[in-house]
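Single-letter residue listing:
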Amino acid sequence: MHDLRWPTYAPRNLMLESAVFDDVAPGRGSLRVRDTEGNVYLDAVNGIGCLPLGHAHPKWIAAIEQQMRKLVGAAGTFFTAPQQQLAGELAARVKLKDARTFIGNTGTEVTEAALKLAMRASGRDIVMVFERAFHGRTLGALAMTANAAYRQPYVACIGEDRTAFATMNVVRARFGDLDSVAALFEQYGPRIAMVAVEPIQGEAGIYPASREFLVGLRELCSRHGALLGDDEIQSGSGRTGKFLAWDTLVGDDPSLQPDIVWLAKAVGGGFPVAACVTTGAHAEHMIKGSHGSTFGGNPLACAAAVATLRIMDEDGLLPLAAAQLPALQAIAAEDPEPRVKDVRGSGAMIGIEITGDGQPAAPLGDAMQRLGVLVTVCSGHTVRLLLPYHAGANELRQIWSTLRRALA
Ligand SMILES: Cc1ncc(COP(=O)(O)O)c(C=O)c1O
């Protein structure tokens, strides 16, 4: 098919048309989609982790419809109830002192917000990030992203000797290696504004950090006066069974919390919404005019996110999300597949690593699609599942048997 969009994606040969409602339990969202030729697929992509309730959850639709009839747009200079409700719902879940939130539309936009906040709150000018990290595609967030092919020719980081539109004050440590973090603090300490980390690296191939590493980052940041930034865009909003992957991996000890947390993807239930949450004291540094967004915090998006968060609680979805990884690991143990090297992640953020040279998982996206299951592949070696939270053993069994057939 001739694509009228920019050719920035490697397109899958598939035109999606609609969610499928034939076998959806009452009060749940759909787990399946249909293409324009009438083929039905189990959807483990979900807009890359944007549909925690599944497609078209009835209460989510009702909340959006209701708000659409009332008020859709409002400039950021005005208060609206949905915007204050969303900030309140987030403050109840992200346990930062006197939490205050910037509301945006996409992940990369809230990475930028975190970056600006860190600069202002610390008065410093360098950010430390990690190898294999993904934080977004706009220039600041892109500089924080590891993949050089994504960054060229737009941004270069400290120590990279090449021509680029912008040279950014970003330094990179090794994920999981506190010595490499300590060494960069030795070198740049008084200039480091923030250390930003994905508690589970998503695009890289679903790599959860150890508790020891995250606690060590907290200690090093506190010792050197840097802020600790927690990118929960992919891992947050309940996907691991707690609201933040940080809480799943570290626990909810207030002394071990990050300073800035940012969310997108699942937080809107499928509507584009993103949020950057910090303490009241840090938020004070974002003075008038220091940031803004025309659509950020619009009442419709906020109503969608408020509904998403409340439905997650009312429908008891977080424990269901938590159960997914152990359920799949049990299925894999009962019916082992020699080409699967690892089944890892946390809750409903799952990576299935395939053994083999080169990019052994690369053909599996298309192969599983032909067999009726949609997945994405990360870094060429890992099949990624980002299912709605209520997906359970039946869907995981279907995915496992489809994977085995696709490998055969
Ligand atoms: C950890 C993380 N940060 C940032 C982003 C960027 O989000 P968006 O594509 O909404 O800009 C992503 C997207 O995959 C992500 O997984």
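Notes on the structure follow. Small disclaimer: the values here were computed from a predicted structure and weren't measured.

## Quick notes on a nonpolar patch on the surface
Phase 1: On the surface, Leu 139, Tyr 154 and Phe 165 cluster together into a nonpolar patch covering about 340 Å² of accessible area.
Phase 2: Turning to its location among the elements, Leu 139 is positioned in helix α5 (residues 139-144).

## Brief notes about the pattern of salt bridges
Phase 1: For the coordinates displayed, the defined rule picks out 21 salt bridges.
Phase 2: Arg 100 serves as the salt-bridge partner of Glu 284, at 3.2 Å between the closest nitrogen and oxygen. Residue Glu 284 is found in the loop between α10 (280-283) and α11 (299-314), and its partner Arg 100 is found in strand β4 (residues 100-104); the two are separated by 184 residues along the sequence.
Phase 3: Here Glu 284 falls in the exposed class, since its relative accessible area comes to 51%.
Phase 4: Its salt-bridge partner being Arg 151, residue Glu 160 comes within 2.8 Å of it at the nearest N-O pair.
Phase 5: For Glu 160, a relative accessible area of 29% gives the class partly exposed.

## Considerations on the sheet that holds strand β5 (residues 126-130)
The strands that make up a sheet pair up through hydrogen bonds in the backbone, lying either parallel or antiparallel.
Phase 1: Strand order in the open sheet formed by seven strands is β4-β14-β13-β12-β9-β5-β8, and the pairing between neighbours is mixed. In the strand order of this sheet, the two ends are held by β4 and β8 (170-173), each with one partner. Along the sheet, successive strands turn relative to each other by an average axial angle of 20°, direction set aside.
Phase 2: Bridge analysis of β5 against β8 gives four bridges, and the strand direction is parallel. When the sheet's bridge partners are listed, Val 129 is paired in β8 with Arg 172.
Phase 3: In the packing of helix α8 (residues 211-224) onto the sheet, the strands contacted are β5, β9 (192-197) and β12 (227-231), and the crossing angle to β9 comes to about 170°.

## Here we look at the layout of surface pockets
Phase 1: Approximately 1000 Å³ is the volume found for the second largest pocket.
Phase 2: Considering the residues around the second largest pocket, the lining is formed by 29 residues, among which Arg 100, Thr 101, Phe 102, Ile 103 and Met 286 are closest to the centre.
Phase 3: Those elements that place two or more of their residues in the lining of the second largest pocket are α3 (81-93), β4, α4 (107-122) and β14 (274-278).
Phase 4: With four residues, β4 is the single largest residue contributor to the lining of the second largest pocket.
Phase 5: Per-class residue counts for the lining of the second largest pocket are 13 nonpolar, 14 polar and two charged.

## A word on the packing of α3 against α11
The geometry of a pair of packed helices is captured by two quantities: the angle between their axes and the separation between those axes.
Phase 1: One can describe the packing of α3 onto α11 by two numbers: an axis separation of 8 Å at closest approach and a directional angle of 35°. The way α3 lies across α11 gives a crossing that is left-handed. Together, Pro 82, Gln 83, Gln 85, Leu 86, Glu 89, Leu 90 and Arg 93 of α3 and Pro 299, Cys 302, Ala 303, Ala 305, Val 306, Leu 309, Arg 310 and Asp 313 of α11 make up the contact between the two elements.
Phase 2: Broken down by class, the residue content of the contact of α3 with α11 amounts to nine nonpolar, two polar and four charged.

## Section: the site of the ligand
Phase 1: Around the ligand, the neighbouring residues are Thr 106, Gly 107, Thr 108, Phe 134, His 135, Gly 136, Glu 198, Glu 203, Asp 231, Ile 233, Gln 234 and Lys 265.
Phase 2: Residue Thr 108 places a main-chain N or O atom 2.8 Å away from an oxygen atom belonging to the ligand.
Phase 3: Between the ligand and Asp 231 there is a distance of 2.8 Å, counted from a nitrogen atom to a side-chain nitrogen or oxygen.
Phase 4: Considering the ligand on its own, with 390 Å² of exposed area, one finds that the protein chains cover 82% of that surface.

## A look at the pairing of β12
Phase 1: β12 sits mainly inside the fold: five of its five residues count as buried.
Phase 2: By the alternation rule, side chains of β12 split into Leu 227, Gly 229 and Asp 231 and Leu 228 and Asp 230, which are all buried.
Phase 3: Assessed by its sense of winding, the connection that carries the chain from β12 through helix α9 (residues 245-250) to strand β13 (residues 260-263) is right-handed.

Basis of the calculations
Residues numbered from 1 in each chain as written. Predicted model: local features only at pLDDT ≥ 70, side-chain atom pairs only at ≥ 80, totals over all residues. Heavy atoms only, no water. Patch = residues over 30% accessible without salt bridge, like charges linked within 9 Å, V, L, I, M, F, W, Y side chains within 5 Å. Areas by Shrake-Rupley, 256 points an atom, 1.4 Å probe, with all protein chains shown as cover. Salt bridge = Lys/Arg side-chain N within 4 Å of Asp/Glu carboxyl O. Helix = DSSP H or I, 4+ residues; strand = E, 2+ residues; numbered from the N terminus. Buried < 20%, exposed > 50% of the residue type's maximum accessible area, 1.4 Å probe, protein only. Pairing = 2+ DSSP bridges. Axes fitted to C-alpha atoms, helices over the stretch in contact; angles between N-to-C directions. Contact = heavy atoms within 4.5 Å. 1 Å grid on protein atoms, 1.4 Å probe; cavity = no way out; pocket = protein on both sides within 12 Å on 5 of 7 lines; lining within 4 Å. Points joined across faces, edges and corners; volume = space filled by probe spheres on them. Nonpolar A, V, L, I, M, F, W, Y, C, P; charged D, E, K, R; others polar. Left-handed = near helix turned anticlockwise from the far one by under 90°. Near = heavy atom within 4 Å. Polar contact = N/O pair within 3.5 Å; in protein donor to acceptor, adjacent residues only side chain to side chain. Right-handed = clockwise from strand over helix to strand, strands pointing away.

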